[in-house]
Amino acid sequence: FPVTISKFSNSDLGDQARRVLFMLLAKVEFENFIVVSQTETANELGMSQPNFTKAVSKLVEEGVILRGPKVGRMGSLKLNPEYGWKGTAKNHIIALDEVRKARRTQAETV
């Protein structure tokens, strides 16, 4: 799926966040959901759990990754649809509208 690289060029994610991002991109499921065990994924990357969590938090802070709903006991993540999409074109438009609406709402409350 296409990923908008130009959005990454304006941000210094750091090496750990970039490594986590590429691992998460490899695990994107339909409708951009990412359901992974943070412990297992950190081990796959050879990172400590706290560093993995900090890297995910950095990606969320930058808006590349969004927090998704809980799946069982695990929380899920979503790739921001502005960066890439895995799913139908119709649902991509809906997801983009939701992200933009949430951003406008957040800007109005600040």
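Above this text you will find the structure in question.
Predicted model only: the values in this text are computed from it and were never measured.

### Examining the overall build of the protein
Link 1 in the chain: Summing up its helical and strand segments, the protein has five helices and three strands in all.
Link 2 in the chain: Compactness check: the protein gives a C-alpha radius of gyration of 14 Å against a globular reference of 13 Å for 110 residues, within 12% of the reference.
Link 3 in the chain: Seen along its three principal axes, the alpha-carbon backbone of the protein occupies a region of about 35 × 30 × 30 Å.
Link 4 in the chain: For the protein, contacts bridging at least 24 residues in sequence account for 57% of all contacts bridging at least 6.

### Here we look at the sheet that holds strand 1 (residues 33–34)
Link 1 in the chain: In space, the three strands of this open sheet follow the order 1-3-2, with antiparallel pairing throughout. Either end of the sheet is taken by a strand with one partner, and the two such strands are strand 1 and strand 2 (65–71).
Link 2 in the chain: As defined by bridge partners, strand 2 adjoins strand 3 (residues 74–79) across five bridges and the pair is classed as antiparallel. From the neighbouring strand, Ile-65 faces strand 3, where its bridge partner is Leu-79.
Link 3 in the chain: Packed onto the sheet, helix 4 (residues 49–62) meets strand 2 and strand 3 and runs at close to 115° relative to strand 2.

### Let's talk about the pattern of salt bridges
Link 1 in the chain: Within this structure, the stated rule accounts for five salt bridges.
Link 2 in the chain: The partner of Glu-82 in a salt bridge is Arg-103, with the nearest N and O atoms 2.5 Å apart. Of this pair, Glu-82 sits in the loop between strand 3 and helix 5 (89–109) while Arg-103 sits in helix 5, and the two are 21 residues apart along the sequence.
Link 3 in the chain: Through salt bridges that share partners, Glu-82, Arg-100 and Arg-103 make up one connected network.

Rules of the game
Residue numbering note: each chain is counted from 1, following its sequence as written. Reporting of local features is limited, given that this is a predicted model, to residues whose pLDDT is at least 70; pairs of side-chain atoms are given and counted only at 80 or more, and all residues count toward the totals for whole chains, interfaces and linings. Side-chain calculation: all heavy atoms of the structure are included, whereas hydrogens and water are not. By the criteria applied, helices consist of DSSP H or I runs no shorter than four residues and strands consist of E runs no shorter than two, each listed in order from the N terminus. In this treatment the radius of gyration is a C-alpha quantity, and the globule benchmark scales as 2.2 Å times the residue count to the 0.38 power. Whether two residues are in contact is decided by their heavy atoms, any of which lying within 4.5 Å being enough. By definition, two strands form a pair when at least two bridges between them are found by DSSP. Under this scheme, a helix contributes an axis fitted over its contacting stretch, all axes are lines through C-alpha atoms, and angles between N-to-C directions fall in the 0 to 180 degree range. We define a salt bridge as a contact between a side-chain nitrogen of Lys or Arg and a carboxyl oxygen of Asp or Glu at a distance within 4 Å.

These results come straight from atomic positions and should not be treated as a statement about function.
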